[in-house]
Amino acid sequence: MKILAFETSCDDTSVACFDGESLLSLRTASQTAEHAETVGVVPEVAARLHEANVFDTLDETIREAGLTLRDFDAIAVTAEPGLMPSLLVWLAVAKTLAHELGIPMLRINHIHAHILANYLGRGFDEIRYPLICLTVSGGHNELYRLDSPFEKTLLGRTRDDASGEAFDKVAKMLGLGYPGGPVISRLAAEYTGEFRGIFPESLRGEETFDFSFSGLKSAARREIEEREAADRLSDDDVREICYEFESRIVEELVSRTIRAVRMHGVGTILLAGWVSASNMLVSRMTQEAEKIGVVSLAPTKKMYSTDNAAMIGIAAALAYREYPDGPPADWIIGSGSDLGGR
Ligand code: KG4
Ligand code: ZN
């Protein structure tokens, strides 16, 4: 079963080729440099860049796998959520190819694909259910219980900003560019001082699995403005703010995840989405999980945490494992939260 997978929900043009659950090739044309100028993604600019990149990326990825278009049995493509102009570029290409080749087109939910990216580089039995999954990205911040690869129940979500979005906004305030997460993480790791806890805990006193990062973002703005006004926003101050900010976010994410693990009595935690590339998040989660005898897993390579077509392809491959004759045609794979798959 050969699967051709596409992902263009935001600012990366990505293609992957699979043979069953084995990844044969993966190529991604990044637009990060173009969006750095505007310190964020302008949807129309992203769509035009996808349009310029699609066929080169497609040809190179298929060539690297040693295949031709006629070899594929199915096409998988991100259908939601994402920037509509970006999504439509690949959806149009995928639909045309599937029609011309006479093969099925599988539509995939992007967030669910981030979760299933944990299967890349791992055997099917290495991920044990039930489990608690934390999805952390630029647009999403949720906590789920999963009972199988496609049965998920929403436990909590952000009431305002996603954690990645908060990283991006604070990085912008500090003049650190876009995307903010990697640079804040790097500067935080360079900070050698003590943790002082200058930023407040959110939703304090509430027994909730929801998240809120807008108060933290405002507190960071006040802290930056006060230090600037006092003429003491040195490089070391910037490192300290990055460290305090990342630590606060990580504690919010870890504490709720661990509480959910205890309440549901599960043995596994999965991290998904690009914020799961934060070393601080991975190491703090692992530390806390070990204390209660639970395994914490994150994607096996950083590139599987970012937006990429391999996660779309593995989602399709796993859907075929569940439905060997092909998943239902109207199913957006992984869509919905409380529906037990579909
Ligand atoms: O998964 P993703 O590409 O976006 C959505 O699907 O929404 O995640 C992008 C987000 C950006 O906001 C970026 O700042 C953040 O992930 N990010 C990080 C790190 N690397 C990327 N946040 C924290 N630490 C990192 N190392
Ligand atoms: Zn994403």
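Residues numbered from 1 in each chain as written. Chains lettered and ligands numbered in written order. Predicted model: local features only at pLDDT ≥ 70, side-chain atom pairs only at ≥ 80, totals over all residues. Heavy atoms only, no water.

### Side note on the nonpolar core
One broad rule of soluble globular proteins: the nonpolar side chains tend to lie buried together.
Line of reasoning, step 1. Among the nonpolar cores identified, the biggest contains 43 residues, and L134, F245, I249, L253, I269 and L281 are the most heavily contacted of them.
Line of reasoning, step 2. Mapped by element, the contributors of at least two residues to this core are β6 (131-136), α5 (163-173), α6 (180-190), α7 (214-229), α8 (235-264), β9 (268-272) and α9 (279-291).
Line of reasoning, step 3. In terms of residue count, α8 provides more of this core than any other element does, 11 residues in total.
Line of reasoning, step 4. Counting residues in hydrophobic clusters, the runner-up holds 38 residues, among them L116, F150, A316 and A317. (Core = buried A, V, L, I, M, F, W, Y, C linked by side-chain atoms within 4.5 Å. Buried < 20%, exposed > 50% of the residue type's maximum accessible area, 1.4 Å probe, protein only. Helix = DSSP H or I, 4+ residues; strand = E, 2+ residues; numbered from the N terminus.)

### Digging into the site of ligand 1
Line of reasoning, step 1. Residues in close proximity to ligand 1 total 18 residues, the closest being H110, G139, G164, D168 and G181.
Line of reasoning, step 2. Within the side chain of S137, a nitrogen or oxygen atom sits 3.1 Å from an oxygen atom of ligand 1.
Line of reasoning, step 3. Separating an oxygen atom of ligand 1 from a backbone N or O atom of G139 is a distance of 2.8 Å.
Line of reasoning, step 4. Protein coverage of the free-state accessible area of ligand 1, which is 560 Å², stands at 90%.
Line of reasoning, step 5. With respect to the detected pockets, ligand 1 is housed in the largest pocket.
Line of reasoning, step 6. For the shell around ligand 1, the elements supplying multiple residues, two or more each, are α4 (110-116), α5 and α6.
Line of reasoning, step 7. No other element matches the four residues that α6 contributes to the shell around ligand 1.
Line of reasoning, step 8. A breakdown of the residues in the shell around ligand 1 according to their chemical character gives six nonpolar, 10 polar and two charged. (Near = heavy atom within 4 Å. Polar contact = N/O pair within 3.5 Å; in protein donor to acceptor, adjacent residues only side chain to side chain. Areas by Shrake-Rupley, 256 points an atom, 1.4 Å probe, with all protein chains shown as cover. 1 Å grid on protein atoms, 1.4 Å probe; cavity = no way out; pocket = protein on both sides within 12 Å on 5 of 7 lines; lining within 4 Å. Sits in = over half its atoms within 2 Å of the grid points. Nonpolar A, V, L, I, M, F, W, Y, C, P; charged D, E, K, R; others polar.)

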